[in-house]
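Overview (structure and organization)
The residues making up each chain are set out below.
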Amino acid sequence: MNPKEIFDHLKTKFGDAVIEFKDDKPVDSYIIVSPVKIDEVSCYLRDCEDFQFDSLSCLSGVDYADGNLGITYNLFSFAKRHKVNLKVIVPKDSPKVKTVSEVWQTANWHEREAYDMIGIIFEGHKDLRRILLEDDWEGHPLRKDFQVPEFFHGMRVPY
Amino acid sequence: MGLLDKYRNPFEKSNIVITTVDKFINWSRLSSQWQMFFGLACCAIEMMATSASHYDFDRFGVIPRPSPRQCDLIIISGTVTLKMATRIKRLYEQIPDPKYIISMGSCSNCGGPYWEHGYNVLKGVDRIIPVDVYVPGCPPRPEALLDGLLKLQDRIRKQSLAKKTA
């Protein structure tokens, strides 16, 4: 199925939770989904006979630098050989989104990375702690407004 | 030496070699620099190539050891992140004296390509532990690392028990 058909199907199934379909060539098309329904939409995409999205290729966090943060989900179906991209946009002051780590195990570490780097809170995640940086690191370094600390554990950080 | 001059080297025809304590200890130290089994980034690949048969680090007595308790030398081979820096310091402290450090590659020398935007990169491993020899390159070729080791051997050769160095 192509992304447009998937979007139409999801729209009739979930209504307002599936917000918009964007197809700006040459950028890959994507479907914007509500942050509170992304887990249900994902579960449906995985389990529905027509879709069978059995693989989450990638999950990435984004800082759009306009007061919003985003999460991008790249899905692929080995059974059906089709793919689709989902996006969730959340405000920076309350970046909360439902976890999909129960739907695809892959998402577990990817969500921890997005939390670590961008600071997105994945609600329902079983083990949401930093994956790359030190546990007591302050801030999320891939946010556009991140300031590099002068010292960390007594070590000078700037050049 | 006066005694030896007097007898015009009585050991000349025997199998005894005369030397000083300093020279003997330095020779034994520099000939068996056991290295910590420790790689950080792409430099570690070059370090492994240096250890492999083509360049053969072993001919200088450099053998990788899996425990800091058995090491004399750390080759900091790659990018030192802040998270790793505390571990490196700890490993360094676990090595018994005398211990030597070769900083291999631009990253561990000064931060390398991460000098400006590397928020989690230590800009030079010499900020946490004393470095004996810096090997430049990104990454350095095995020849460069071998030269670094020879430089370190030169340093050890000049050491003296009477005065503490490094």
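Basis of the calculations
- Residues numbered from 1 in each chain as written.
- Chains lettered and ligands numbered in written order.
- Predicted model: local features only at pLDDT ≥ 70, side-chain atom pairs only at ≥ 80, totals over all residues.
- Heavy atoms only, no water.
- Helix = DSSP H or I, 4+ residues; strand = E, 2+ residues; numbered from the N terminus.
- Contact = heavy atoms within 4.5 Å.
- Polar contact = N/O pair within 3.5 Å; in protein donor to acceptor, adjacent residues only side chain to side chain.
- Phe/Tyr/Trp six-rings, centres within 6.5 Å; stacked < 30°, edge-to-face > 60°.
- Lys NZ or Arg CZ within 6 Å of the ring centre and 35° of its normal.
- Core = buried A, V, L, I, M, F, W, Y, C linked by side-chain atoms within 4.5 Å.
- Buried < 20%, exposed > 50% of the residue type's maximum accessible area, 1.4 Å probe, protein only.
- pLDDT = per-residue confidence, 0-100.
- Buried area = accessible area lost by both parts, 1.4 Å probe.
- Salt bridge = Lys/Arg side-chain N within 4 Å of Asp/Glu carboxyl O.
- Pairing = 2+ DSSP bridges.
- Axes fitted to C-alpha atoms, helices over the stretch in contact; angles between N-to-C directions.
- Expected span 1.5 Å × (residues − 1).
- Arc of directions from axis to C-beta.

1. Focus: the overall build of chain A
Along its length, chain A carries 3 helices and 9 strands. Judged by the C-alpha coordinates and their principal axes, chain A covers about 55 × 30 × 25 Å. Look at the contacts in chain A between residues 6 or more apart in sequence, and 48% of them connect residues 24 or more apart.

2. Quick look at the side chain of histidine 140 of chain A
All names here are of chain A. Summarising the element assignment, histidine 140 is placed in the loop between β7 (121-123) and β8 (151-152). A polar side-chain atom of histidine 140 sits 3.0 Å from the main-chain carbonyl oxygen of tyrosine 115. Polar side-chain contacts of histidine 140 include one of 3.1 Å to the backbone oxygen of aspartate 116.

3. Notes on the packing of aromatic side chains
In the structure shown here, the tally under the stated rule is 11 aromatic pairs over all chains. Residues phenylalanine 76 of chain A and phenylalanine 78 of chain A carry aromatic rings whose centres are separated by 5.0 Å and whose planes lie at 90° to one another, so their mutual orientation is edge-to-face. Clustering of aromatic rings is evident, with ring pairs tying together Phe14, Tyr44, Phe51 and Phe53 of chain A. A cation over a ring is seen here: lysine 87 of chain A above tyrosine 30 of chain A, with NZ or CZ 3.9 Å from the ring centre. Lying across the ring of tyrosine 92 of chain B, lysine 99 of chain B places its NZ or CZ 4.3 Å from the centre.

4. Observations regarding the nonpolar core
Counting 61 residues, the largest nonpolar core has Leu10, Ile31 and Tyr73 of chain A as the members making the most contacts within it. Looking at this core element by element, the count peaks at 5 residues for helix α4 (residues 82-94) of chain B. When near neighbours in sequence (up to four residues on either side) are disregarded, isoleucine 31 of chain A contacts Pro3, Ile6, Phe7, Leu10, Val18, Glu20, Phe21, Val84, Asn85, Leu86 and Lys87 of chain A.

5. Some words on the confidence of the model for chain B
Looking at chain B as a whole, its pLDDT mean stands at 87, while 90% of the residues score no less than 70. The ipTM value of the predicted complex is 0.77, and its pTM value is 0.81.

6. A word on the interface of chain B and chain A
Interfaces are frequently sized by the accessible area removed from exposure as the parts join. Taken together, the 14 residues of chain B in the interface contact 17 residues of chain A. Both sides together, the interface formed by chain B and chain A hides about 1,300 Å², and carbon and sulfur atoms give 63% of it. Its largest share of buried area at the contact with chain A, chain B owes to Leu82, Lys83 and Tyr119 of chain B, together 49% of the area lost on that side. Counting the contacts that link chain B with chain A gives 1 salt bridge. Across the salt bridge formed by glutamate 134 of chain A and arginine 87 of chain B, the nearest N and O atoms sit 3.1 Å from each other. If you look at where chain B meets chain A, you find 6 residue pairs in polar contact (both at pLDDT 80 or more).

7. A closer look at the pattern of salt bridges
All told, the structure shown has 18 salt bridges over all chains when counted by the stated rule. Residues glutamate 102 of chain A and lysine 126 of chain A are paired through a salt bridge, measuring 3.3 Å at the closest nitrogen-oxygen approach. Taken together, the residues span a long stretch of sequence, with glutamate 102 of chain A in the loop between β6 (96-98) and α3 (107-117) and lysine 126 of chain A in the loop between β7 and β8 at a distance of 24 residues. By relative accessible area, lysine 126 of chain A is classed as exposed at 67%. Residues aspartate 147 of chain B and lysine 151 of chain B are paired through a salt bridge, measuring 3.8 Å at the closest nitrogen-oxygen approach. Of this pair, aspartate 147 of chain B and lysine 151 of chain B both sit in helix α6 (residues 142-157), 4 residues apart, which is roughly one turn of that helix. The network of salt bridges with shared partners includes Asp63, Lys92 and Asp145 of chain A.

8. Section: the pairing of strand β3 (residues 55-63) of chain A
All names here are of chain A. Relative to strand β4 (residues 68-77), β3 is paired through 8 bridges, and the arrangement is antiparallel. Following the sheet pairing, cysteine 58 is matched in β4 by asparagine 74. Adjacent in sequence and paired antiparallel, β3 and β4 are bridged by 4 residues, among which alanine 65 carries a positive phi angle near 60°.

9. Some words on the sheet that holds strand β1 (residues 18-22) of chain A
Residues and elements named next belong to chain A. Taken together, the 5 strands give an open sheet; going across it, the order is β1-β2-β5-β4-β3, and neighbouring strands pair in mixed fashion. Strands at the two margins of the open sheet, each flanked by one partner only, are β1 and β3. This sheet shows a mean twist of 20° between the axes of neighbouring strands, independent of strand direction. Of the pairings in the sheet, the one linking β1 to strand β2 (residues 30-33) comprises 4 bridges and is antiparallel in character.

10. A word on α4 of chain B
In a regular helix each residue adds 1.5 Å, so 13 residues correspond to 18 Å; α4 of chain B covers 19 Å between its end C-alpha atoms and thus fits that length. By the burial criterion, the buried members of α4 of chain B are Leu82, Ala85, Ile88, Leu91 and Tyr92 of chain B. The buried residues of α4 of chain B occupy an angular sector of 155° when projected down its axis, which confines them to one face. Along α4 of chain B, exposed side chains directed more than 90 degrees from the buried face belong to Arg90 and Glu93 of chain B. In the core, the buried residues of α4 of chain B are packed alongside β8 and β9 (155-156) of chain A together with β1 (35-36), β3 (73-77) and β4 (100-104) of chain B.

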